[in-house]
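Listed below are the residues making up each chain.
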Amino acid sequence: MIEARGISRRYGPLLAVDRVSFAVRPGEVVGLLGPNGAGKTTIMKVLTGYHYPHEGSALVAGHDVVAEALPAREALGYLPENAPVYPDLTVSEYLRFVAGARGVAAARTRGAIDEVVERCGLQSVLHRPVRELSRGFRQRVGIAQALVHDPSVVVLDEPTSGLDPNQIQSVRRIVRDLGATRSVLLSTHLLPEVEAVCDRVLILDRGRLVAEGTPREIGDELEGRRVVVLTLHAPPDGPARTALAPIADLLSERREGDAWVGRLALGRARGGEDLFDWAVACGARIRALEPERLSLEDVFARLTAGST
Amino acid sequence: MTRRFAALVGKELRVAFNTPVAYAVIAGFLLFTSVRLFVARDFFNLDIASLRDYYGVMPLVFVVLIPAITMRSWAEERRGGTDEILLTLPVSERQLVGAKFVASLTLVLLALSLTGFVPLLVTRFGDFERGEIVGQYLGLTLLATASVAIGQLVSSLARNQLSAFVFAALVLLFLTGAGSFASAAVVPDRLASALSYLSLETHYRSFNRGVADTRDVSYFVAITGLALVLNTCVLLARKAR
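A brief report on the enclosed structure follows. Remember, it's a predicted structure, so these values are computed and weren't measured experimentally.

**Quick look at the packing of helix 5 (residues 58–70) of chain B against helix 10 (residues 130–157) of chain B**
All names here are of chain B.
Then step 1. Relative to each other, helix 5 and helix 10 sit at 40 degrees, their axes nearing to 9 Å. Overall, the two elements helix 5 and helix 10 adopt an arrangement that is oblique. In the crossing of helix 5 with helix 10, the sense of the turn from one axis to the other is right-handed. Residues M58, P59, F62, I66, P67 and T70 of helix 5 lie in contact with helix 10, whose contacting residues are L140, L143, A144, S147, V148, G151, Q152 and S155.
Then step 2. Residue composition of the contact of helix 5 with helix 10, by class: nine nonpolar, five polar and no charged.

**Some points on the interface of chain A and chain B**
Then step 1. Listed by partner, the interface residues are 22 residues for chain A and 24 residues for chain B.
Then step 2. Looking at the side of chain A that touches chain B, the elements that each hand over two or more residues are helix 2 (69–74) and helix 3 (91–101) of chain A.
Then step 3. Take the side of chain A that touches chain B: its biggest share by element is four residues, from helix 3 of chain A.
Then step 4. Grouping the amino acids of the side of chain A that touches chain B by side-chain chemistry returns 11 nonpolar, six polar and five charged.

**Here's the deal with the nonpolar core**
Then step 1. By size, the foremost hydrophobic cluster in this structure holds 139 residues, and its most contacted members are L47, A144 and V148 of chain A together with V108 of chain B.
Then step 2. Ignoring any residue separated from it by four or fewer positions in sequence, one finds A144 of chain A in contact with L95, V116, V117, C120 and L122 of chain A.
Then step 3. Ranked by size, the runner-up nonpolar core spans eight residues in total, among them L230, L232, A248 and A284 of chain A.

**Some remarks on helix 1 (residues 3–17) of chain B**
Then step 1. Counted at 1.5 Å a residue, the expected span for helix 1 of chain B with its 15 residues is 21 Å, and the 21 Å between its end C-alpha atoms agrees.
Then step 2. Every buried residue of helix 1 of chain B is accounted for by A7, L8, K11, E12, V15 and A16 of chain B.
Then step 3. Residues of helix 1 of chain B that are buried in the fold lie against helix 3 of chain A together with helix 2 (20–40) and helix 8 (93–114) of chain B.

**Here we look at helix 14 (residues 214–240) of chain B**
Residues and elements named next belong to chain B.
Then step 1. A rise of 1.5 Å per residue sets the reference length of helix 14, with its 27 residues, at 39 Å; its end C-alpha atoms lie 39 Å apart and thus fit the reference within 8%.
Then step 2. Those residues of helix 14 lying buried are D216, Y219, F220, I223, T224, A227, L228 and N231.
Then step 3. Buried residues along helix 14 sit in contact with helix 8, helix 10 and helix 13 (200–208).

What counts and how
- Residues numbered from 1 in each chain as written.
- Chains lettered and ligands numbered in written order.
- Predicted model: local features only at pLDDT ≥ 70, side-chain atom pairs only at ≥ 80, totals over all residues.
- Axes fitted to C-alpha atoms, helices over the stretch in contact; angles between N-to-C directions.
- Helix = DSSP H or I, 4+ residues; strand = E, 2+ residues; numbered from the N terminus.
- Parallel < 35°, antiparallel > 145°, perpendicular 65-115°, else oblique.
- Left-handed = near helix turned anticlockwise from the far one by under 90°.
- Contact = placed C-beta atoms within 7 Å.
- Nonpolar A, V, L, I, M, F, W, Y, C, P; charged D, E, K, R; others polar.
- Core = buried A, V, L, I, M, F, W, Y, C linked by C-beta atoms within 7 Å.
- Buried ≥ 20, exposed ≤ 12 C-beta atoms within 10 Å, placed from the backbone.
- Expected span 1.5 Å × (residues − 1).

Below you can see the structure in the form of structure tokens.
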């Protein structure tokens, strides 16, 4: 469980995070989404105890990250941005060090390391110095390091950055697995990533939380009403258009052969049923009626317009 | 030593010994001090049954040796971003500072203990005073302890290894030479005694003659403690900044 309660963080005069509150429950993968400089990394640094918040407080597994820093960090696995590693250690030395420093009992260390090595696919590089590894392997070493003590809370800063498509798929699989029982917070600027792995999205812009919910909810909230694409066998005539006005706004229309396709924004408390009734009343024949979901790209662009 | 602390110290030593730097620094130290004694000073023709000359130059050699060992301590962690891993481990900042200190001191004391071949070699040829050699090693151990703590503090403030090395060497050079500036008598008496009190080398002097003075011991302990506390404060201040 992660709880951020009104956290703010400044860097000198720059307000990097502005009164952000949210929670990540166990069994949930939450994505922090926003352009560079929106405050994603800073929020993670506050949650992991690398920076103290200037206002507000944060709890990790029920422990305040400042006042009860050690138990909070105990429950936490963290992959910092760019997956920093010790180039002069071998993968096995590094994991052994992290396991020891995080208090994994000596008797369990071997098993714990074997498990994350297996999960992150590091068997082939276990005894190689990290400096010789490719970017993809380093990233996976960073993830393995974050998981070796079986934490209940996992914070991953851009876990798939710099990876090739196959590696991205495998990291996403790991993240989804983790999300089955743990609280997982990840940051990304890749929209497909959010849709692929996140149960919920927090959208940040210039340090503020501007939207929260499932990608779908955010779309609805932003639009305020639903958009549908209606296809009729023939264009509606004048009276039919007049009758449509109270039900929905016609955003755009086009012809597809004989058919007519209109994008309609439904009025408040109006649904597809109203459109059927309207079509029956004015003798129009419906060929198709599809809800249109705003893509996350649309949402993102609208919410963060002007910040870059 | 707890398991966590042991893991932290072990990681520092492993990083040091997985690269050639530590070996090179220690070898360079042994080579320089031995060449100076046996070649430049021509020790065997001096006909002196004392190693004061050999150990008396150590404070000046430490000015280079110790920053070379401590330079990467924090500066390299910050440059590589791995400080973010360290500082988010479930370990207190005090333990992190302590572990780095123990590891660096271990390397310096390893280098120092390897100089033991010199007394083992020469005491066969003359009537050396054993107590004096014990005093010299005790004094150098204390001097190394304080210097490592200072070098590590400077590393926590530096942006990279090179500036950590240069600034630590300057600080140690000042603290080593302060007593000599004072006795050059071009400064007011008050300042002279302050400089002399501050000087690492002044406090090592009596050890080099085989005399252990508790005031010197407490000076080294106090400097070490102060530098380690300040190092912890630097880490905490950076989190809150």
